[in-house]
Amino acid sequence: MNLATFDDFLKVDIRVGEIVQAEEYPEARRPAYKLWVDFGEEIGIKKTSAQITECYSVESLVGRQVLGVVNFPPKQVGKFISEVLVLGTYSAQGVVLIQPEQQVNKGDKLG
């Protein structure tokens with residue numbers, strides 16, 4: 001196991017966002033959706049791809065709050081640029097998104 005320090009953790013900016021748009025991503029090598037996530041006034045809307053098709057339909061995603069890492073550099077995913085890493089957990093049924101237990105403000109920081 002590679003241990004991280006608390007200072008390493010502090011470098012990762014994890015915020016609450018709300019999915020405002022979701023689309024099928026048929027060109028992806030593995031089944032995925034394209035997501036647009038609103039992280040509030042300070043950060044704005046960022047796009048990403050997410051391999052969450054086993055647990056979610058496109059229609060069930062819009063309006064859902066999620067946690068995402070907003071300070072990773074953009075990454076090319078096929079023909080799509082991913083600007084944020086939406087967090088989830090690998091489970092027997094597929095990737096399950098991490099989300100706040102209660103409705104909170106967009107842009108709120110994990111702490």
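This text goes with the structure placed above it.
This one's a predicted model, so the numbers in the text were calculated from it and none came from an experiment.

Caption draft 1: The nonpolar core, seen in detail. The biggest cluster of nonpolar side chains holds 17 residues, and the ones touching the most others in it are Ile19, Leu35, Val37, Ile52, Leu61 and Leu97. The set of elements that each furnish at least two residues to this core consists of β1 (14-24), β2 (33-38), α2 (58-61) and β9 (94-97). Take this core: its biggest share by element is three residues, from β2.

Caption draft 2: View of a nonpolar patch on the surface. Judged by side-chain polarity, Phe6, Phe9, Leu10 and Leu110 come together as a nonpolar surface patch covering roughly 410 Å² of accessible area. Relative to the helices and strands, Leu10 is located in helix α1 (residues 6-11). Given the relative accessible area of 48%, Leu10 is considered partly exposed.

Caption draft 3: The pairing of β1, seen in detail. Relative to strand β4 (residues 65-69), β1 runs antiparallel, the two being bridged by five bridges. Bridge pairing in β4 places Glu18 opposite Gln65.

Caption draft 4: Spatial organisation of the pattern of salt bridges. Counted by the stated rule, this structure contains three salt bridges. A salt bridge links Asp13 to Arg15; its shortest N-O distance comes to 2.6 Å. The structure contains a network of salt bridges with shared partners spanning Asp13, Arg15 and Glu42.

Caption draft 5: Here's a closer look at the packing of aromatic side chains. For the coordinates displayed, the defined rule picks out three aromatic pairs. Taking 6.1 Å as the distance between ring centres and 35° as the angle between the ring planes, the aromatic pair formed by Phe6 and Phe9 counts as tilted. One end of the pair, Phe6, and the other, Phe9, are both in helix α1, three residues apart, so they sit about a helical turn from each other. A residue is classified by how much of its surface remains accessible, and Phe6, at 57% relative accessible area, is exposed. Ring centres 6.0 Å apart and planes at 80° place the aromatic pair Trp36 and Phe80 in the edge-to-face group. In this pair, Trp36 is assigned in strand β2 and Phe80 in strand β6 (residues 80-82), connecting sequence segments 44 residues apart. For the pair formed by Trp36 and Phe80, the shared burial category is buried. Taken together, Tyr25, Trp36 and Phe80 form an aromatic cluster joined through their ring pairs.

Cut-offs applied
Residues numbered from 1 in each chain as written. Predicted model: local features only at pLDDT ≥ 70, side-chain atom pairs only at ≥ 80, totals over all residues. Heavy atoms only, no water. Core = buried A, V, L, I, M, F, W, Y, C linked by side-chain atoms within 4.5 Å. Buried < 20%, exposed > 50% of the residue type's maximum accessible area, 1.4 Å probe, protein only. Helix = DSSP H or I, 4+ residues; strand = E, 2+ residues; numbered from the N terminus. Patch = residues over 30% accessible without salt bridge, like charges linked within 9 Å, V, L, I, M, F, W, Y side chains within 5 Å. Areas by Shrake-Rupley, 256 points an atom, 1.4 Å probe, with all protein chains shown as cover. Salt bridge = Lys/Arg side-chain N within 4 Å of Asp/Glu carboxyl O. Pairing = 2+ DSSP bridges. Phe/Tyr/Trp six-rings, centres within 6.5 Å; stacked < 30°, edge-to-face > 60°.

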